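Summary of structural features
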Amino acid sequence: MGKEQVTRWWNGAWGRLTRRDVWLAREIRWHVVARAGDSETGKVLRWEFDTEEEARNMVKRLVQADGGQWREMSGDASGKTSA
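Counting restarts for each chain, with residues numbered from 1 along the sequence as it is written. Selection of residues for local features in this predicted model requires a pLDDT of at least 70, selection of side-chain atom pairs for listing and counting requires 80 or more, and totals for whole chains, interfaces and linings are taken over all residues. Values shown for side chains rest on all heavy atoms present in the structure; no hydrogens or waters enter the calculation.

What follows deals with the pattern of salt bridges. Salt bridge criterion: a side-chain nitrogen from Lys or Arg within 4 Å of a carboxyl oxygen from Asp or Glu. Under the definition given, this model contains seven salt bridges. Glu-48 serves as the salt-bridge partner of Arg-29, at 3.0 Å between the closest nitrogen and oxygen. On the criterion of sequence distance, the pair formed by Arg-29 in the loop between β2 (20–26) and β3 (30–36) and Glu-48 in strand β4 (residues 43–49) is long-range, its members being 19 residues apart. Taking relative accessible area as the criterion, Arg-29 reaches 31% and is therefore assigned partly exposed. Here the residues in one salt-bridge network are Arg-8, Arg-19, Asp-21 and Arg-35, joined through shared partners. Helix and strand definitions here come from DSSP, where helices need a minimum of 4 consecutive H or I residues and strands a minimum of 2 consecutive E residues; each element is numbered from the N-terminal end. Buried, partly exposed and exposed residues are distinguished by accessible area as a fraction of the type maximum, computed with a 1.4 Å probe on protein chains only: under 20%, between the cut-offs, and over 50%, respectively.

Relative to the helices and strands, Asn-11 resides in the loop between β1 (3–10) and β2. The exposure class assigned to Asn-11 is buried, which follows from its relative accessible area of 11%. Counting of polar contacts relies on pairs of N or O atoms within 3.5 Å, with two restrictions inside protein: one atom must be capable of donating a hydrogen and the other of accepting it, and residues adjacent in sequence are counted only when both atoms are side-chain atoms. A distance of 3.2 Å separates a polar atom in the side chain of Asn-11 from the backbone nitrogen of Ala-13. Here the side chain of Asn-11 touches Thr-18 through a polar contact of 2.8 Å, landing on its backbone oxygen. Two residues qualify as a contact provided that any one of their heavy atoms is within 4.5 Å of a heavy atom in the partner residue. Filtering out sequence-adjacent residues up to four positions away, Asn-11 remains in contact with Thr-18, Arg-19, Arg-20, Asp-66, Gln-69, Trp-70 and Arg-71.

Attention now moves to helix α1 (residues 52–66). Its 15 residues place the ends of α1 22 Å apart at the C-alpha level, agreeing with the 21 Å of an ideal helix rising 1.5 Å per residue. Within the span of α1, buried status applies to Ala-55, Met-58, Val-59 and Val-63. Take α1 and look down its axis: the buried residues cluster within an arc of 130°, on one side only. When the buried face of α1 is taken as reference, the exposed residues oriented beyond 90 degrees from it are Glu-53, Arg-61, Gln-64 and Ala-65. If you follow the buried residues of α1, they end up packed against β1, β2, β3 and β4. The positive-phi residue at the C-terminal boundary of α1 is Gly-67, with phi of around 75°. Every helix has an expected span of 1.5 Å times one less than the residues it contains. It is the directions from the helix axis to the C-beta atoms that the arc portrays.

So, about the environment of Gly-42. As for its placement among the helices and strands, Gly-42 is situated in the loop between β3 and β4. Along the backbone, Gly-42 and Arg-19 are 23 residues apart, and their C-alpha atoms lie at a distance of 8.9 Å. When sequence neighbours within four positions are dropped, the list of residues in contact with Gly-42 reads Arg-35, Ala-36 and Gly-37.

As a further point, take the nonpolar core. Within the largest apolar cluster, twelve residues are counted, these being Trp-9, Val-22, Leu-24, Trp-30, Val-32, Ala-34, Phe-49, Ala-55, Met-58, Val-59, Val-63 and Trp-70. Elements that contribute at least two residues to this core include exactly β2, β3 and α1. If near-sequence neighbours (up to four positions away) are discounted, Phe-49 is found in contact with Arg-29, Trp-30, Val-32, Glu-54, Ala-55 and Met-58. Take the buried residues of types Ala, Val, Leu, Ile, Met, Phe, Trp, Tyr and Cys, join any two whose side-chain atoms come within 4.5 Å, and each joined set is a nonpolar core.

Function-wise, these values are silent; they only describe arrangement.
Structure follows, in structure tokens:
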């Protein structure tokens, strides 16, 4: 069973030093993944939560801490992410 990507946020920056992405996904537990930088060299942090509320509170903290112009983005067409 793969993870279900619930939603995604992006700060709107394209540069590898300024780009930020945050994903909210669910398998049995809720997962929050935050990446600073591009997909090849960026730093990735991961958290797991028992409830959606706890996971969304972490997403809110991450997005507010950066202070940029974040955009909520939909998941991919299948709604699944690779595990």
